[in-house]
Amino acid sequence: MARAYSGREFSLILGIADNDAGSSAGAVGADTQDANAVSGSKVLMRVDSPINDFDFSAGYNRAEISRAGSRTLRADDIVNHYGSGMWTYDFDYLIDNKKAAQNLLELMYPKHGGTITSSITYPAAPTVSDYGHGENAGTESKCAFLILQNPDTSEDRYMHSAILQNLDFSMDAGTDGGRLRASGQFMTGYKPVIEANTVTADTSASNYDKGLFDCTTTTFAGAACTVRSFSLSISNPANRIGFQGSSGETDGYVRGGAFGITGSITIKVDSTTGEYLRSKWQTNTNCAIQVGNGSTIDFSIPEANISGWNMDMADEGVFVEIPFTATSGADAGANLAVLKIA
């Protein structure tokens, strides 16, 4: 009988396609990015096990046609076109590699320019990148590629020209030793390639084990506070545009939706923070939030608008969970967020 496999034998490589001007091999829609990645960007992304497979279901445009004169379906009554849809990949990742995390930050907003080595600014007015099919104009239209390595090497999955649509970060004092966790979803309008792939991760990738207990500066509205948990959700959605070629694959993407950042912070209620319900939320006053140490991990939200107030009256101490929305402040004068993983 054929060999059976363990879910622990599968692994994932994440990289960024190098589509600098003139590099057609890394252009949007090209399926050779594995050999033309941005230097140092190919990392082994040690996501939680068991690893997810790519979701192929939305890649099919399927319809069942009920024909007159028959109570059953014939084979040709089922329309099942493969290629005119999209494919997604969901991940959950306890960050152990800072380059993988930097890749994620960059792919949420490639228009920032350059390559991230520490921090990234998500500005008040994010510009829209050109993701047209065949585009290779430079850093602004960078896409991701993901290689799902299969123990049956002829069945490796290769998702190229992928867009990171949303990215969530979370840290909790009572979970995973407070370590930083990331999750999100990649999307592509190009058919994943299934074949043997011999790509290996770059060896220069650096280990990373930071989290909430490394955050020596935790402030809300300018005052020091005790943080029990913190989360941040970044959304920069994309849509596939039309089709090109006989396969029905996309003619590129548009990121025309809202770039949004929301989050939640749970802090101890004391004589300072206890009055924020009245002085901040009820008065619709924006507050600055900072969680980090300024050097290796840092989350800064200059103009956060409070959207709720959820008290936890525990015997071990009263905390309040404060959900918030990042804004650009008065007259769009502030960045949405400045994030650092270094």
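The following paragraphs examine the structure supplied in this document. Because the structure is predicted, anything quoted here is derived from the model rather than measured.

**Remarks on the overall build of the protein chain**
For the protein chain, the count of helices and strands is 2 helices and 22 strands. Radius of gyration (C-alpha) of the protein chain: 23 Å, near the 20 Å computed for a compact globule of 342 residues. When the backbone C-alpha atoms are referred to their principal axes, the protein chain occupies close to 70 × 55 × 50 Å. A buried classification covers 46% of the 342 residues belonging to the protein chain. Sequence separation of at least 24 residues holds for 73% of the intrachain contacts in the protein chain that already meet a minimum separation of 6. A total accessible area of about 15,200 Å² is found for the protein chain, and carbon and sulfur atoms account for 47% of it. One finds the centroid of the 24 positive side-chain charges in the protein chain at a distance of 1 Å from the centroid of its 39 negative side-chain charges.

**A few points about helix H1 (residues 98-108)**
Of all 11 residues in H1, 10 are buried, a share of seventy percent or more. Residues of H1 that are buried: Lys99, Ala100, Ala101, Gln102, Asn103, Leu104, Leu105, Glu106, Leu107 and Met108. Between a side-chain oxygen at the N-terminus of H1 and the backbone nitrogen of Lys99 the separation is 2.9 Å; the capping residue is Asn97.

**Observations regarding the pairing of strand E21 (residues 317-326)**
Where strand E17 (residues 260-268) and E21 come together, 7 bridges link them in antiparallel fashion. Looking at E21, one finds that Ile267 is bridged to Val320. Two strands pair when backbone bridges link them, and strand E19 (residues 297-306) and E21 are joined in this way by 3 bridges, in the antiparallel orientation. Residue Ala304 lies in a different strand from E21, and its bridge partner there is Ala326. As paired strands, strand E20 (residues 310-314) and E21 are joined by 5 bridges and run antiparallel to one another. Along E21, the bridge assignment pairs Met313 with Val318. Count of turn residues in the E20/E21 antiparallel hairpin: 2 residues.

**Some words on the sheet that holds strand E7 (residues 131-132)**
Taken together, the 3 strands give an open sheet; going across it, the order is E7-E16-E15, and neighbouring strands pair in antiparallel fashion. The open sheet terminates on both sides in strands that have one partner only, identified here as E7 and strand E15 (239-240). When E7 meets strand E16 (residues 252-254), the two strands line up antiparallel, connected through 2 bridges. The partner of Tyr131 across the bridge, within E16, is Tyr253.

**Some words on the nonpolar core**
Ranked by size, the top nonpolar core spans 69 residues in total, and within it Tyr89, Phe91, Tyr122, Phe169, Phe186, Phe230 and Ile265 carry the most contacts. Grouped together as the second largest cluster of nonpolar side chains are 8 residues, Tyr131, Cys143, Tyr190 and Tyr253 included.

**Some details on the pattern of salt bridges**
Tallied over the entire structure, the rule returns 13 salt bridges. Put simply, Asp77 and Arg67 hold a salt bridge, and the shortest N to O gap is 2.9 Å. Of this pair, Asp77 sits in the loop between strand E3 (60-64) and strand E4 (78-82) while Arg67 sits in the loop between E3 and E4, placing them 10 residues apart in sequence. Of the residues examined, Asp77 reaches a relative accessible area of 1% and is grouped as buried. A relative accessible area of 40% means that Arg67 is categorised as partly exposed. Here the residues in one salt-bridge network are Asp48, Asp92, Asp176 and Arg181, joined through shared partners.

**Quick look at the environment of Thr188**
Among the secondary structure elements, Thr188 is positioned in strand E10 (residues 181-188). A residue is classified by how much of its surface remains accessible, and Thr188, at 0% relative accessible area, is buried. Sequence separation of Thr188 and Ser119 is 69 residues, and the distance between their C-alpha atoms is 26 Å. Once residues within four sequence positions are removed from consideration, Thr188 is found in contact with Met86, Trp87, Met159, His160, Ser161, Ala162 and Tyr253. A distance of 3.2 Å separates a polar atom in the side chain of Thr188 from a polar atom in the side chain of Tyr253.

**What about the side chain of Gln102?**
Topologically, Gln102 is positioned in helix H1. For Gln102, the side chain forms a polar contact with the main-chain oxygen of Ile341, separated by 2.9 Å. Among all residues touching Gln102, those that are not within four sequence positions of it are Ile116, Thr117, Ser118, Ile341 and Ala342.

Cut-off values and rules
In this numbering scheme, every chain counts its residues from 1 along its sequence in written order. Only residues with pLDDT of 70 or above have their local features reported here, since the model is predicted, and side-chain atom pairs are shown and tallied only from 80 upward, although totals for entire chains, interfaces and linings are computed over all residues. Computation of side-chain values covers all heavy atoms of the structure but excludes hydrogens and water. By the criteria applied, helices consist of DSSP H or I runs no shorter than four residues and strands consist of E runs no shorter than two, each listed in order from the N terminus. All radius of gyration figures rest on C-alpha atoms, and the globule criterion is 2.2 Å times the number of residues raised to 0.38. Summary of the burial criterion: residues with accessible area below 20% of their type's maximum are buried, those above 50% are exposed, and those between are partly exposed, where the area comes from a 1.4 Å probe applied to protein chains only. We call two residues contacting when some pair of their heavy atoms lies within 4.5 Å. Each accessible area value is a Shrake-Rupley result obtained with a 1.4 Å probe; residue values ignore everything except the protein chains displayed when judging cover. Only four residue types enter the charge count, namely Lys and Arg as positive and Asp and Glu as negative; His and the chain termini do not. Charge coordinates come from a single atom per side chain, which is NZ of Lys, CZ of Arg, CG of Asp or CD of Glu. Polar contacts, as used here, are pairs of N or O atoms within 3.5 Å; protein pairs need one atom able to donate a hydrogen and one able to accept it. Residues neighboring in sequence count only if both atoms are side-chain atoms. Here, a strand pair is defined by DSSP locating no fewer than two bridges between the strands. Side-chain atoms within 4.5 Å are what join buried Ala, Val, Leu, Ile, Met, Phe, Trp, Tyr and Cys residues into a set we call a nonpolar core. What makes a salt bridge here is a side-chain nitrogen of Lys or Arg within 4 Å of a carboxyl oxygen of Asp or Glu, nothing more.

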